[in-house]
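Given next are the chains, with one letter for each unit.
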Amino acid sequence: MDRKSASERESRQKALAARWSMAAEAIEALAGTRSLDAVVSVLRAFARRAVGADGIAVVLREGDQCHYVAEDAMEPLWAGQYFPAGSCVSGWAMQHHQTAVIPDIFDDPRVPVEAYRATFVRSMLIVPIGRIEAIAAVGAYWSEFGQPSDDEIMLLEALARAASVALENERLSRRAGG
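Residues numbered from 1 in each chain as written. Predicted model: local features only at pLDDT ≥ 70, side-chain atom pairs only at ≥ 80, totals over all residues. Heavy atoms only, no water.

## A few points about the overall build of the protein chain
Now for step 1: Counting its regular elements, the protein chain contains five helices and six strands.
Now for step 2: Overall, the protein chain shows an N-to-C arrangement of helices and strands of α-α-β-β-β-α-β-α-β-β-α.
Now for step 3: For 178 residues, the compact-globule estimate of 2.2 N^0.38 gives 16 Å, and the C-alpha radius of gyration of the protein chain, at 17 Å, lies within 12% of that figure.
Now for step 4: Seen through its C-alpha atoms, the protein chain measures out along the principal axes to roughly 60 × 40 × 25 Å.
Now for step 5: A buried classification covers 43% of the 178 residues belonging to the protein chain.
Now for step 6: Long-range contacts, defined here as pairs at least 24 residues apart, represent 51% of the contacts in the protein chain between residues at least 6 apart.
Now for step 7: Positive and negative side-chain charges of the protein chain, numbering 19 and 24 respectively, have mean locations separated by a distance of 5 Å. (Helix = DSSP H or I, 4+ residues; strand = E, 2+ residues; numbered from the N terminus. Rg over C-alpha atoms; globule rule 2.2 N^0.38 Å. Buried < 20%, exposed > 50% of the residue type's maximum accessible area, 1.4 Å probe, protein only. Contact = heavy atoms within 4.5 Å. Lys, Arg positive; Asp, Glu negative; His and termini not counted. Charge placed at Lys NZ, Arg CZ, Asp CG, Glu CD.)

## Digging into the environment of His67
Now for step 1: With respect to the helices, strands and loops of the structure, His67 is situated in strand E2 (residues 65–73).
Now for step 2: We classify His67 as buried; its relative accessible area is 14%.
Now for step 3: Separated by 12 residues in sequence, His67 and Ala79 place their C-alpha atoms 8.1 Å apart.
Now for step 4: With residues up to four places along the chain from it excluded, the contact list for His67 reads Val58, Val59, Leu60, Glu62, Gly80, Gln81 and Tyr82.
Now for step 5: Polar side-chain contacts of His67 include one of 3.3 Å to the side chain of Tyr82. (Polar contact = N/O pair within 3.5 Å; in protein donor to acceptor, adjacent residues only side chain to side chain.)

## Let's talk about the environment of Ala47
Now for step 1: With respect to the helices and strands, the residue Ala47 is situated in helix H2 (residues 36–51).
Now for step 2: In this structure, the C-alpha to C-alpha distance between Ala47 and Lys14, residues 33 residues apart in sequence, is 18 Å.
Now for step 3: Every residue in contact with Ala47, bar those within four places of it in the chain, is listed here: Ile56, Val138, Leu156 and Leu159.

## Things to note about the sheet that holds strand E1 (residues 55–62)
Sheets are built from strands that pair by backbone hydrogen bonding, the pairs being arranged parallel or antiparallel.
Now for step 1: Taken in spatial order, the six strands of this open sheet run E3-E2-E1-E6-E5-E4, and their pairing is antiparallel. A strand with exactly one partner marks an edge of an open sheet, and here the two such strands are strand E3 (82–84) and strand E4 (100–102). Taken pair by pair, the neighbouring strands of this sheet meet at an average axis angle of 20 degrees, ignoring direction.
Now for step 2: Alignment of E1 against strand E6 (residues 136–142), held across six bridges, turns out to be antiparallel. Note that in E6 the partner of Val58 across the bridge is Val138.
Now for step 3: The strands touched by H2 are E1, E2, strand E5 (123–129) and E6; relative to E1, the strand with the most contacts, the crossing angle is about 150 degrees.
Now for step 4: Contacts between helix H5 (residues 150–175) and the sheet are confined to E4, E5 and E6, with E5 contributing the most and set at about 25 degrees to the helix. (Pairing = 2+ DSSP bridges. Axes fitted to C-alpha atoms, helices over the stretch in contact; angles between N-to-C directions.)

Below you can see the structure in the form of structure tokens.
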């Protein structure tokens, strides 16, 4: 391996280590949350940088609607808006309890293209939140077409799992009266 490729590899490894460090910080913060609002706040604060995305959104399931409650993005997306769960990718991820990996928004039938056409979003990753029943989702968005890396997928899934545990702890604490 020549020096240039060794240096590039080392640089990529350092960047990845920084992302995992940021994810660990987010997971620690999620462990201390005691409300849905606090979970949303932590995800909004950490997810974009941890995954290296151009934007993130936190989406809550409210009946048959998806409510985009928070975002951190290079341009405004849909914060405050509602979309039918049956016609948005976040709804699909929650209904199927599966991560949606979309390298090209124009080439995936789950994507309501008109909602994205005027945005910077060209690829995305949506992960449901909720171990038994998905009650939310976190989405990461990129301005370029491309498959999110395995590390980006694992990082966002780890944050979603930590958010699920935090929400379950909050529910149990409420039930116990504490």
